[in-house]
Amino acid sequence: MAHGEQSAAPDAGGPVRHVPVLLGPVLKYLDPKPGEVIIDGTFGAGGYSRAFLERGASVIGIDRDPDAIAGGQDLVEEFDGRLTLVPGQFADLERHARALGHEGVDGVVLDLGVSSMQLDQAERGFSFLRDGPLDMRMEQAGPSAADVVNELPVRDLIRIIGLLGEEKRATSVAHAIDAARKEKLFERTAELSALVEKVLGRNPKKAQIHPATRTFQGLRIYVNGELHQAARALAAAERILKPGGRLVLVSFHSLEDRLVKKFFQDRTKTRGGGSRHMPEEEVPPATFELLSRKAVDPTPDEAEANPRARSAKLRAGRRTDAPARDLDIHSIGVPKLASFHGLGG
């Protein structure tokens, strides 16, 4: 299930449907047509992919979660070969497309962040509300959140929780973690959640927001390299999209949205700064044109029906015929973080 998909009421005698966030705007800006090839870089439960397939497009669905790939096999059969599922990271979407024989594609959609399928399974270790192993790995491989919490130096935990979790009291949380892990290593989500709540307390004005929300966000983003992945995927999409191809991104928190916004600002720029004292800087040809000047938000009805949609923002652009260019991921907001067994950097 892509981030923010919700389970709708089942049809009489039928399976439960999954309703992806901002589906209407995604279809509007991606505009899939018969015969086109679309990359759904975050396949999840296939909500977006199904809509593209129903419009006649062929879809390359990518997901790093083995459960999502296994769960999508029925959709592969239903659409008789027009859906190809690829286990892997969406940062590698260009390589996946070329390996399937595509030198260019007509559209790319990315639904950034953790999926509600993963959040809803306590054993996946993403939730501070449901006790489970302190895991958080989308790919179910590599260093876990427990490894990070138990082994990283305090200064690095402060940066992860502060920068990626946007937790203002990251220093207090990190030092409390350090003191607690000297007595007993963290193994369960409930242990970490309780510690953070003890340090931060409950804010009566924000009773609906658990104190551990930001700490868990920071750890999850770090464990899965989410911002690195998103930035690399933007560059890969620029390289694989045909002229006229559409790029649509749905994000769920400010870090992701700022990264996407900065990418489009850089790639749609047509003139450089300058003043009467300084010559205007030379700007490379724009590789995208914006399809929407502002981020698109969910309607009030959608936000009410699906609480996970409330923070969603959609941005979209159309590929020009200008050549793709290199991307410095740190220039669009990916922070430099501690390296840990392949994470960070």
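Residues numbered from 1 in each chain as written. Predicted model: local features only at pLDDT ≥ 70, side-chain atom pairs only at ≥ 80, totals over all residues. Heavy atoms only, no water.

### Overview of the packing of helix α8 (residues 154-164) against helix α9 (residues 170-183)
Here is step 1: Closest axis-to-axis distance for the α8/α9 pair is 8 Å, and the angle between their directions is 135°. As far as their axial angle goes, α9 and α8 are oblique. In the packing of α8 onto α9, the handedness of the crossing is right-handed. Touching V154, L157, I158, I161 and G162 of α8 are A170, T171, V173, A174, H175, I177, D178 and R181, all from α9. (Axes fitted to C-alpha atoms, helices over the stretch in contact; angles between N-to-C directions. Helix = DSSP H or I, 4+ residues; strand = E, 2+ residues; numbered from the N terminus. Parallel < 35°, antiparallel > 145°, perpendicular 65-115°, else oblique. Left-handed = near helix turned anticlockwise from the far one by under 90°. Contact = heavy atoms within 4.5 Å.)

### Details of the environment of H210
Here is step 1: Here H210 is to be found in the loop between α10 (189-200) and α11 (213-223).
Here is step 2: A residue is classified by how much of its surface remains accessible, and H210, at 9% relative accessible area, is buried.
Here is step 3: In this structure the C-alpha to C-alpha distance between H210 and E197, which are 13 residues apart in sequence, comes to 7.7 Å. (Buried < 20%, exposed > 50% of the residue type's maximum accessible area, 1.4 Å probe, protein only.)

### Description of the packing of aromatic side chains
Here is step 1: Scanning the entire structure with this criterion turns up four aromatic pairs.
Here is step 2: A ring pair is formed by Y48 and F52, whose centres lie 6.4 Å apart and whose planes are at 15°; its orientation type is stacked. Note that Y48 and F52 are positioned in helix α2 (residues 47-54) at a spacing of four residues, about one turn of the helix.
Here is step 3: Owing to a relative accessible area of 1%, Y48 belongs among the buried residues under this scheme.
Here is step 4: Ring centres of F264 and F288 lie 5.6 Å apart, and the angle between their planes is 80°; this geometry places the pair in the edge-to-face category. You can see F264 sitting in helix α13 (residues 254-268) and its partner F288 sitting in strand β8 (residues 288-290), a full 24 residues away along the chain.
Here is step 5: Residue class for F288 comes out buried when judged on its relative accessible area of 2%.
Here is step 6: Directly above the aromatic system of F288 lies the positively charged group of R319, at a separation of 5.9 Å from the ring centroid. (Phe/Tyr/Trp six-rings, centres within 6.5 Å; stacked < 30°, edge-to-face > 60°. Lys NZ or Arg CZ within 6 Å of the ring centre and 35° of its normal.)

### Description of the sheet that holds strand β5 (residues 83-87)
Here is step 1: Strand order in this open sheet of seven strands is β5-β4-β3-β6-β7-β9-β8, and the pairing throughout is mixed. Every other strand in the sheet has two partners, leaving β5 and β8 as the edge strands with one partner each. The mean angle between the axes of side-by-side strands here comes to 20°, regardless of whether they run parallel or antiparallel.
Here is step 2: The pairing of strand β3 (residues 37-40) with strand β4 (residues 58-63) spans four bridges and is parallel. Each residue of the ladder has a partner; that of I38, found in β4, is V59.
Here is step 3: Here helix α1 (residues 23-30) sits on the sheet and contacts β3, β6 (105-111), β7 (241-251) and β9 (313-319); the angle it forms with β7, its principal contact strand, is near 165°. (Pairing = 2+ DSSP bridges.)

### Overview of the pairing of β3
Here is step 1: Residue alternation in β3 divides its side chains into two sets, V37 and I39 and I38 and D40, and both sets are buried.
Here is step 2: At this point the chain moves from β3, through α2, to the parallel β4, and the crossover so formed is right-handed.
Here is step 3: Bridge count for β3 against β6 is three bridges, and the pairing is parallel. When the sheet's bridge partners are listed, D40 is paired in β6 with V109. (Right-handed = clockwise from strand over helix to strand, strands pointing away.)

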